[in-house]
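Read off the chains here:
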Amino acid sequence: MHFLAKRFYRGANHTKRNVTQPAIKVATVGIAMGLAIMLLSISVLMGFKQELTKKITGFTAHIEVLNIETLQIPDAFPICLPPYIENKICNIEEVKNIQKVTQKIGVLKTGLHFSPIILKGIDEGYDTTYLQESLIEGKLPTLKKDSATYQIAVSKCIAELLNLKVGQRIYAYFFEESIKMRRMSIVGIYETNIKHFDESIVLTDRYSVCKLNGWNNQQCSELEIKATSLGDIPKILPEIQKNIAGFPKLTAISVGEHYPQVFTWLNILNTNVWVILILMAGVAVFTVCSGLLVIMLERTPAIGILKAMGATNSQVRATFIRLAMFITAKGVLWGNAIALTLLLLQHYFKLIQLDPSHYYVTEVHVVISPIIILIINIVVVLLIFLSLFIPTLTISKISPTKAIKFD
C-alpha cells in the first residue's frame, strides 16, 4: 500500500484529467501557509511577552512590598522590615534578590519649562542590568551608601521636553512644609518606551532621596523582590504575604497588579493568537481533506480495481491516508522553512518596525523556541492524520463493478 501511495503521488503529473496535481498543490500550500502563520504568531507573541516583561521587571521587580498608600504618595509612608524578615524572604527558593527603593515627588525646572518627576533612589545592591541596557547616553548615577551625589539619569522624554543634555546641571524642587531645592547633575539619559516610566521616573542614588525625605538609610518606600522568572510569582507571593502578615499596613503586590494595562493587553494578544492557531489549523485540515476527496474521485477506477483484486476497505483507506501524509510532510517542510526564514530575518535585521507609543517596543521581537515549534508541528500533523479518516470513509461505499466503469 505504501508503494501504491507513492505511485499515486509521483504519478500525479501523468493523469489524463490532470486534477490530482492541482489538488496536491493546493493542499500543500494550505498546510504550508497555515503552519507558517501559526509559527509566526506564537513566536511574535512570545517575543512581545519576553521584551515587555524584561522592561517592566528590569525597571521595577516581579513583586513589591510596600504600604498601600505609597501607590498614591510614594514619599510619605516609609517601611522598615526587620532583618530577619528580609532574610526569610531571601531564603525563598525562587527569590533572586531584594532591592530597597526610596522615592520622592518633585519637579525639574529650566527657564519656563518644567516636568513633574518621581525621583527613584537605588543603591549599589540594585540589579542595574536592564537599566544599563536602556541607557542611550551617559551612565547611571554613582551609587553610594553614605553620601549624596545628587547625580541623576533622566528619560529621553524628559530630556527632550526640558532640552537637557548629559553633563548639564538642573534645579529640582521638592514641596513639603517648605520648598526644598537641589542642584543636580545629569549623568545619563535612558529610554524604555513605557510611558509610565519615561514621563516621570528620574534615577538617582538612594542616600540622596533618603536625605530629602528625612529618613534613615534603613527606611525605604518599597522593597522590590526579583524572582527567577515571571511564572514563579504565584508561588512566591503567598509566601511573602505570610512573612509580612504581622505588619498590618504592609502589602505585597505582583507586577501584574501594579501594571495591569500592559498585562491586560498581553492577555488580549493571547486570545488573538489562539484564534489564529485554531483558524490556521482548520485551514490546513480542510485543504488536505478536500484535496484527498478530489484525488479519490479521480482515482475511483483504481479503487475499484484494487477492491476487485481482493484489497479490503482498510487497505485502500491506508493507501490514501499515506498519500495524504506525503502531501502533509511536504507542506510541513515548506511551512517550517518559510516561518524560520522570516523569523531569522526579523531577528537579525529588524525588518518590521513599530510605533513604541502604541506597542512599547520599537520593532517586532521574536522568540525562536525549538520545543514550541516541535509541539506545533506534532499537533498539526496529528490533527490532519485524525481528520483523514472522515473523507476516506467514502471508500467503503464504492462498488468495484461501478468504479471500474467510472469515467
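Heads up: the structure comes first, above all this text.
Residues numbered from 1 in each chain as written. Predicted model: local features only at pLDDT ≥ 70, side-chain atom pairs only at ≥ 80, totals over all residues. Heavy atoms only, no water.

**Student:** Help me understand helix H12 (residues 313–349) in this model?
**Tutor:** For an α-helix, 3.6 residues make a turn, and residues three or four places apart therefore share a direction. The terminal C-alpha atoms of H12 lie 53 Å apart, and with 37 residues this matches the ideal 54 Å at 1.5 Å per residue to within 8%. Once H12 finishes, lysine 350 follows within two positions and takes phi at roughly 50°, a positive value. (Helix = DSSP H or I, 4+ residues; strand = E, 2+ residues; numbered from the N terminus. Expected span 1.5 Å × (residues − 1).)

**Student:** Is there a simple way to think about the pairing of strand E10 (residues 250–254) in this case?
**Tutor:** Residues in a regular strand point their side chains to alternate faces of the sheet. Most of E10 sits out of view: four of its five residues are buried. Judged from the five bridges that link them, strand E1 (residues 63–67) and E10 form a sheet pairing that is antiparallel. Within the sheet, the bridge partner assigned to asparagine 67 lies in E10 and is leucine 250. (Buried < 20%, exposed > 50% of the residue type's maximum accessible area, 1.4 Å probe, protein only. Pairing = 2+ DSSP bridges.)

**Student:** I would appreciate a short explanation of the pattern of salt bridges in the present structure.
**Tutor:** Two side chains carrying opposite charge are able to pair once their charged atoms lie near each other. In total, this model carries eight salt bridges according to the counting rule given. In this structure, glutamate 86 and lysine 100 form a salt bridge, with 3.8 Å as the shortest nitrogen-oxygen distance. Note that glutamate 86 is positioned in helix H3 (residues 83–90) and lysine 100 in strand E2 (residues 95–110), a separation of 14 residues in sequence. Judged by its relative accessible area of 15%, lysine 100 falls in the buried class. Across the pair lysine 120 and glutamate 224 runs a salt bridge whose closest N-O atoms are separated by 3.2 Å. Placement of the pair is lysine 120 in strand E3 (residues 113–122) and glutamate 224 in strand E9 (residues 222–227), with a sequence separation of 104 residues. Neither residue differs from the other here; lysine 120 and glutamate 224 are each classed as buried. Ionic contacts of the salt-bridge type, sharing partners, join the residues Asp75, Lys104, Glu176 and Lys180 into one network. (Salt bridge = Lys/Arg side-chain N within 4 Å of Asp/Glu carboxyl O.)

**Student:** Please clarify how the packing of aromatic side chains should be interpreted in this entry.
**Tutor:** Describing an aromatic ring pair means giving the distance of the ring centres and the angle of the ring planes. In the structure shown here, the tally under the stated rule is seven aromatic pairs. When the ring of phenylalanine 48 is compared with that of tryptophan 265, the centres are 5.7 Å apart and the planes differ by 80°; the resulting orientation is edge-to-face. One end of the pair, phenylalanine 48, is in helix H2 (residues 20–59); the other, tryptophan 265, is in helix H10 (residues 260–298), with 217 residues separating them in the sequence. The class for phenylalanine 48 is buried, based on a relative accessible area of 9%. Aromatic rings pair up to connect Phe48, Trp265, Tyr359 and Tyr360 into one cluster. (Phe/Tyr/Trp six-rings, centres within 6.5 Å; stacked < 30°, edge-to-face > 60°.)

**Student:** Honestly, the pairing of E9 in this entry has me stumped. Any pointers?
**Tutor:** Burial within E9 is extensive, with six of its six residues counted as buried. Both faces of E9 are covered, namely the face carrying Glu222, Glu224 and Lys226 and the face carrying Leu223, Ile225 and Ala227. Taken together, the six bridges between E2 and E9 define a ladder with antiparallel strand orientation. When the sheet's bridge partners are listed, isoleucine 98 is paired in E9 with isoleucine 225.

**Student:** Is there a simple way to explain the environment of asparagine 213 in this structure?
**Tutor:** Here asparagine 213 is to be found in helix H7 (residues 206–213). A relative accessible area of 11% means that asparagine 213 is categorised as buried. As for asparagine 213 and glutamine 103, which are separated by 110 residues in sequence, their C-alpha atoms are 8.4 Å apart. Beyond its immediate stretch of four places on either side in the chain, asparagine 213 contacts Asp75, Thr102, Gln103 and Lys104. A distance of 3.0 Å separates the side chain of asparagine 213 from the backbone oxygen of glutamine 103, its partner in a polar contact. (Contact = heavy atoms within 4.5 Å. Polar contact = N/O pair within 3.5 Å; in protein donor to acceptor, adjacent residues only side chain to side chain.)

**Student:** What am I meant to see in the environment of valine 44 here?
**Tutor:** With respect to the helices and strands, valine 44 occurs in helix H2. For the pair valine 44 and valine 367, spaced 323 residues apart in sequence, the C-alpha to C-alpha distance is 6.7 Å. In this structure, valine 44 is in contact with Val364, His365 and Val366, ignoring residues within four places of it in sequence.

**Student:** Just checking my understanding: could you explain the side chain of asparagine 270 for this structure?
**Tutor:** Turning to its location among the elements, asparagine 270 is positioned in helix H10. With relative accessibility at 18%, the residue asparagine 270 sits in the buried group. At 3.3 Å, the side chain of asparagine 270 and the side chain of lysine 49 are in polar contact. The contacts of asparagine 270, once residues within four sequence positions are left out, are Leu45 and Lys49.

**Student:** Would you take a moment to explain the packing of H12 against helix H14 (residues 370–387) for this structure?
**Tutor:** How two helices sit against one another is set out by the angle between their axes and by the gap between those axes. Closest axis-to-axis distance for the H12/H14 pair is 11 Å, and the angle between their directions is 155°. Between H12 and H14, the angle is such that the two are roughly antiparallel. Viewed along their axes, H12 and H14 form a crossing whose handedness is right-handed. From H12, Ile321, Met325, Thr328, Val332, Asn336 and Leu340 reach across to H14, where they touch Ile373, Asn377, Val381, Ile384 and Phe385. (Axes fitted to C-alpha atoms, helices over the stretch in contact; angles between N-to-C directions. Parallel < 35°, antiparallel > 145°, perpendicular 65-115°, else oblique. Left-handed = near helix turned anticlockwise from the far one by under 90°.)

**Student:** Even after reading the chapter, I still don't get the state of the cysteines, so can you show me in this structure?
**Tutor:** By definition, a disulfide links two cysteine residues through a covalent bond between their sulfur atoms. The tally for this structure, following the rule as stated, stands at zero disulfides. Cysteine 220 provides the cysteine sulfur closest to cysteine 80, a residue in no disulfide bond, and the two sulfurs are 7.4 Å apart. For cysteine 80, a relative accessible area of 45% gives the class partly exposed. Considering cysteine sulfurs only, cysteine 220 is the nearest to cysteine 210, which forms no disulfide, with 7.8 Å between them. (Disulfide = S-S within 2.5 Å.)

**Student:** Please explain the packing of H2 against H10 as it appears in this structure.
**Tutor:** Running from N to C, H2 and H10 cross one another at 170°; their axes reach a closest spacing of 8 Å. Our classification of the angle between H2 and H10 gives roughly antiparallel. The residue inventory of the contact of H2 with H10, partitioned by class, reads 27 nonpolar, seven polar and two charged. (Nonpolar A, V, L, I, M, F, W, Y, C, P; charged D, E, K, R; others polar.)

**Student:** Would you explain H7 in this entry?
**Tutor:** Counting buried residues in H7 gives six out of eight residues, a clear majority hidden from the surface. Taken together, the buried positions of H7 are Arg206, Ser208, Val209, Cys210, Leu212 and Asn213. Those residues of H7 hidden inside the fold are in contact with E2, E3, strand E6 (169–175), strand E7 (179–190) and strand E8 (201–205).

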